[in-house]
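# Structure at a glance
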Amino acid sequence: MKPNIFKGTGVAVVTPFTADYQVDHPALERQIHMLIENGIDYLVALGTTSEVATLSAEEKKAVVNTIKKTNAGRLPIVVGIGGNNTSLVVQQIHEQDFHGIAGLLSVAPYYNKPNQRGFYEHFKEVAKASPVPVILYNVPSRTAANINADTILKLAHDFKNIVAVKEASGNLEQVSFILRDKPHHFDVISGDDLLTVPLVALGAAGVISVTANVYARKFSQMTHLALNGKM
């Protein structure tokens, strides 16, 4: 198993728009250059911060292509593909061009409020379909249901290509259980900017940040200092 590359500061890249509500690709290119030049570690395309829920299929494809072209292989790119329709998520994974993509971020099914077996079965299909490493995304404040620590750990142990969870439950006890019992290949990534340093202190591998869209250098420096034990 290759070492997990999703460490440090990842950025859930925003999608800029023009005044007439079209994706502003020149502004997106400038944003990518700025993030890279200010020391972030990897890019997340089509995370929820990108307003992915309101982008058309054509816009999603164009956003990913702009990020890949502008990045030009400098940093790993993670693409977000998730939803509450498991078969549709699997179809979208099969249709995604993963050339130049290092990982897949998949949010917990929302609105349906699955039980824990439902979460497991959903992400089992995501893991089976994905040709790249998978990062789970647990954000119960937005999905209305929490993926429990036991379920996250079972997925991590059962599927070697599930390599991390972006944890935005805000529950440090849950995160502590995951960090204690996780397999070696699996990491916890903070999904809450305000909890980045506490989670790194517990053993998390970094953050997928929103704030770093604006404060890229400061946020990346903070995260790296914490990872190096310089609190």
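Below: a short report on this structure. (Residues numbered from 1 in each chain as written. Predicted model: local features only at pLDDT ≥ 70, side-chain atom pairs only at ≥ 80, totals over all residues. Heavy atoms only, no water.)

Another point: the packing of aromatic side chains. Under the criterion given, the structure shown has two aromatic pairs. When the ring of Tyr120 is compared with that of Phe159, the centres are 6.0 Å apart and the planes differ by 45°; the resulting orientation is tilted. On the criterion of sequence distance, the pair formed by Tyr120 in helix α4 (residues 116–129) and Phe159 in the loop between α6 (149–158) and β6 (162–167) is long-range, its members being 39 residues apart. Residue class for Phe159 comes out buried when judged on its relative accessible area of 15%. The residue whose ring lies beneath Lys166 is Tyr137, and the NZ or CZ to ring-centre distance is 4.1 Å. (Phe/Tyr/Trp six-rings, centres within 6.5 Å; stacked < 30°, edge-to-face > 60°. Helix = DSSP H or I, 4+ residues; strand = E, 2+ residues; numbered from the N terminus. Buried < 20%, exposed > 50% of the residue type's maximum accessible area, 1.4 Å probe, protein only. Lys NZ or Arg CZ within 6 Å of the ring centre and 35° of its normal.)

Attention now moves to the side chain of Glu167. Considering the arrangement of structural elements, one finds Glu167 in strand β6. Notably, Glu167 is buried but unbridged: the nearest opposite-charge side chain belongs to Lys166, and the N-O separation is 11 Å. Only 2.7 Å separates the side chain of Glu167 from the side chain of Gln174, close enough to count as a polar contact. Aside from chain neighbours lying at most four places away, what touches Glu167 is Asn138, Ile152, Gln174, Val175, Ile178, Val188, Ile189, Ser190, Gly191, Asp192 and Leu199. (Lys, Arg positive; Asp, Glu negative; His and termini not counted. Salt bridge = Lys/Arg side-chain N within 4 Å of Asp/Glu carboxyl O. Polar contact = N/O pair within 3.5 Å; in protein donor to acceptor, adjacent residues only side chain to side chain. Contact = heavy atoms within 4.5 Å.)

Glancing now at unusual backbone geometry. The phi dihedral of Glu51 is positive, around 60°, even though this residue is not glycine. Along the chain, Glu51 falls in the loop between β2 (42–45) and α2 (57–71). Its identity as a non-glycine residue notwithstanding, Ala144 has a phi of 80°, on the positive side. With a relative accessible area of 44%, Ala144 lands in the partly exposed category.

In short, the description is geometric, and any link to function would need to be established separately.
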